[in-house]
Amino acid sequence: MSKKIPLNELFAGLQSQMTAQLNTNRDYITHPGSKGDALENAWIEWLQKYLPNRYSVDKAIVIDHEGNTSQQIDIVIYDNWFTPFIFSQNGFHYIPAEGVYAVFEVKPDIKGNVENQTYIEYAAEKIESVRKLKRTSTNMINSGLRHNPRPLTKIVGGILASTNSFSHKNDNKAIKSHLSNQKGLSGIDMGCIADYGCFVVDYTPNKEIEDKGFDKFVDFYENRSIETVKFSKKENSMVTFFMQLTRYLQQAIGTVPAIDLKSYLATIGETLDEEL
């Protein structure tokens, strides 16, 4: 008879491995720029290793068909099946907005300040810079069937950190307070503090975006409000984060809208032949 695999031990090993790597990068790399790069790369490599192959993970700037761009994003999770082009220049990527599933800001600590903003405010601003880009949606064929354009999907936004140095660590009030100040397109959906816990922000209403068009997408974010913020146990932070992220990707979003290539080609005065 085959033995059962102790899943709790496998999860604990995954947790300790990633936490140790993040702590080493934080504690022993002293140059701020190098430390930031090391932390970002650690998260990217971890997500690339465990997410299904249909998802790509990179540092990137997100663009739309009008030429608008987001701020530089530490981690972009994006589609590589239905989004046919990604611009790469010297190892850096420019990803069409239609292909984006989720974006994350990476910091060494959930508490901190940059450019007169808290880290949470800074992350929220970057998330908004992606969500406000104009995405297209068009017909697509899947399994031989033609499907009409779908409404724009949610874009998951979050923050990833190694530790939490807020003075009152046990009640989560400080983190919840900062999260509650982020509204509309800048709202944060989830995050992970490796040695403290994963958090998920529950909003109401929390239904899918049912109507087509960018205005309806914006309305969805403007009209939702935070109901609760839930934290995992610290020893389960990485696994809980990964499972929650995967659930968002596969069950809440599914497949990103098909990109309308005509909108991009129109910028250079060309058209597509739609008949084969």
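Provided above is the structure to which this section pertains.
Note that the coordinates shown come from a computational prediction; the quantities given were computed from them, not determined experimentally.

Looking at helix α5 (residues 214-222), one finds that the buried residues are F214, F217, V218, F220 and Y221. Down the axis of α5, the buried set is contained in an arc of 155 degrees. They therefore lie on one face. Buried residues in α5 make contact with α3 (119-131).

Take the pattern of salt bridges next. For the structure shown, the criterion picks out eight salt bridges. With a closest N to O distance of 3.2 Å, K126 and E105 form a salt bridge. You can see K126 sitting in helix α3 and its partner E105 sitting in strand β5 (residues 100-109), a full 21 residues away along the chain. Relative accessible area serves as the criterion here: at 8%, K126 is assigned to the buried category. Exposure remark for E105: the relative accessible area of 3% places this residue in the buried category. Counted as one network, the salt bridges with shared partners bring together D37, E40 and K59.

Glancing now at helix α6 (residues 237-253). Side chains of residues three or four places apart in an α-helix project in the same direction, reflecting 3.6 residues per turn. Taking 1.5 Å as the rise per residue, α6 with 17 residues should run 24 Å; its terminal C-alpha atoms sit 23 Å apart, in good agreement. For α6, the tally of buried residues reaches 12 of 17 residues, placing the bulk of the element in the interior. Among all positions of α6, only S237, M238, V239, F241, F242, Q244, L245, T246, Y248, L249, A252 and I253 are buried. One or two steps after α6, the chain reaches G254, where phi turns positive at roughly 80 degrees.

Bringing the pairing of strand β12 (residues 197-204) into the picture now. Summarising burial for β12: six of the eight residues are buried, a large majority. Here four bridges tie strand β11 (residues 190-193) to β12, and the two strands are oriented antiparallel to one another. Looking at the pairing, G191 lines up with F199 of β12. Relative to strand β13 (residues 225-231), β12 runs antiparallel, the two sharing six bridges. Looking across to β13, one finds that Y203 is bridged to I226.

One pair of aromatic rings is described through two measures. These are the centre distance and the angle between the planes. Following the criterion strictly, the structure yields 13 aromatic pairs and no others. On the basis of an interplanar angle of 25 degrees and a centroid distance of 6.4 Å, the ring pair of W46 and F241 is categorised as stacked. Placement of W46 in helix α2 (residues 32-50) and of F241 in helix α6 is noted, with a sequence separation of 195 residues between them. For the pair W46 and F241, a shared accessibility class is recorded, and that class is buried. Both rings, one in Y55 and one in Y101, keep their centres 5.1 Å apart while their planes meet at 80 degrees; by these two values the pair is edge-to-face. Taken together, the positions of Y55 in strand β1 (residues 55-63) and Y101 in strand β5 put the pair 46 residues apart, joining distant regions of the chain. The pair formed by Y55 and Y101 is uniform in burial state, with each residue classed as buried.

Moving on to the sheet that holds strand β2 (residues 73-79). Spatial ordering of the open sheet is given by β3-β4-β1-β2-β5-β10-β11-β12-β13, a layout of nine strands whose pairing is mixed. Each end of this open sheet is capped by a strand with a single partner; those strands are β3 (87-89) and β13. Each strand of the sheet is rotated relative to its neighbour by a mean of 30 degrees, with strand direction disregarded. Pairing analysis gives seven bridges linking β5 to strand β10 (residues 156-163), with the strands arranged parallel. Along β10, the bridge assignment pairs K107 with A161. Strands β11, β12 and β13 of the sheet are contacted by helix α4 (residues 173-180), whose axis makes an angle of about 150 degrees with β13.

Attention now goes to a negative patch on the surface. A grouping of E115, E125, E128, D215, D219 and E222 is seen on the molecular surface, where their side chains present a negatively charged patch. Looking at the negative patch, the elements that each hand over two or more residues are α3 and α5. Considering every element that reaches the negative patch, the biggest residue donor is α5, with three residues.

Here T69 shows up in the loop between β1 and β2. Judged by its relative accessible area of 45%, T69 is partly exposed. With sequence-adjacent residues up to four places away left out, T69 is seen in contact with I61, V62, I63 and L133.

Conventions adopted
- Residues numbered from 1 in each chain as written.
- Predicted model: local features only at pLDDT ≥ 70, side-chain atom pairs only at ≥ 80, totals over all residues.
- Heavy atoms only, no water.
- Buried < 20%, exposed > 50% of the residue type's maximum accessible area, 1.4 Å probe, protein only.
- Helix = DSSP H or I, 4+ residues; strand = E, 2+ residues; numbered from the N terminus.
- Arc of directions from axis to C-beta.
- Contact = heavy atoms within 4.5 Å.
- Salt bridge = Lys/Arg side-chain N within 4 Å of Asp/Glu carboxyl O.
- Expected span 1.5 Å × (residues − 1).
- Pairing = 2+ DSSP bridges.
- Phe/Tyr/Trp six-rings, centres within 6.5 Å; stacked < 30°, edge-to-face > 60°.
- Axes fitted to C-alpha atoms, helices over the stretch in contact; angles between N-to-C directions.
- Patch = residues over 30% accessible without salt bridge, like charges linked within 9 Å, V, L, I, M, F, W, Y side chains within 5 Å.
- Areas by Shrake-Rupley, 256 points an atom, 1.4 Å probe, with all protein chains shown as cover.
- Lys, Arg positive; Asp, Glu negative; His and termini not counted.
- Charge placed at Lys NZ, Arg CZ, Asp CG, Glu CD.

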